[in-house]
Amino acid sequence: MCDTSFAAEEVSLALRVLNTYEGEDTDRVHRAAVALSQGSLHQLASWICGVTPPLDNFFWLAGGVEPGATDRQAFAAKWLSGFYDKNRLVRQDEAGPSRPEP
């Protein structure tokens, strides 16, 4: 699953992220999170961190990236992915110059 979704050098990191989920229906949650992340490690981490019961909501969102998704599902999955992109944590060297303190 991770081999086909992530770059070769990121597979071990993706597996480590997936292993942080300790809830129920692990295999299905992992498949859904990988699909929703679309090959992005920070997206994968965000989706895994966002899994909360009831899992039906998470699986409904995962349907948004599948063929035959409703417009509502596709919009919700895309919107949350955009939110995760906008609010992603970055390393200090990626962040650019820091703002001076007031």
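Residues numbered from 1 in each chain as written. Predicted model: local features only at pLDDT ≥ 70, side-chain atom pairs only at ≥ 80, totals over all residues. Heavy atoms only, no water.

(A) Geometry of a nonpolar patch on the surface. There is a patch of nonpolar side chains on the surface, built from Phe75, Trp79 and Phe83 and spanning about 380 Å² of accessible area. Relative to the elements of secondary structure, phenylalanine 83 occurs in helix α6 (residues 71–86). (Patch = residues over 30% accessible without salt bridge, like charges linked within 9 Å, V, L, I, M, F, W, Y side chains within 5 Å. Areas by Shrake-Rupley, 256 points an atom, 1.4 Å probe, with all protein chains shown as cover. Salt bridge = Lys/Arg side-chain N within 4 Å of Asp/Glu carboxyl O. Helix = DSSP H or I, 4+ residues; strand = E, 2+ residues; numbered from the N terminus.)

(B) Layout of unusual backbone geometry. With omega at 0°, the peptide bond leading from proline 53 into proline 54 counts as cis. In this structure, proline 54 sits in the loop between α4 (41–49) and α5 (55–62). Backbone geometry places aspartate 25, a non-glycine residue, at a positive phi of 55°. Checked against the element boundaries, aspartate 25 lands in the loop between α2 (11–18) and α3 (26–37). Within the chain, glutamine 38 stands out as a residue other than glycine whose phi angle is a positive 50°. Mapped onto the elements of the fold, glutamine 38 is located in the loop between α3 and α4.

(C) Quick peek at the side chain of glutamine 73. Mapped onto the elements of the fold, glutamine 73 is located in helix α6. Side-chain polar atoms of glutamine 73 contact the backbone oxygen of tryptophan 60, separated by 2.9 Å. Those residues within four positions of glutamine 73 in sequence are excluded, and the remaining contacts are Trp60, Gly63 and Gly64. (Polar contact = N/O pair within 3.5 Å; in protein donor to acceptor, adjacent residues only side chain to side chain. Contact = heavy atoms within 4.5 Å.)

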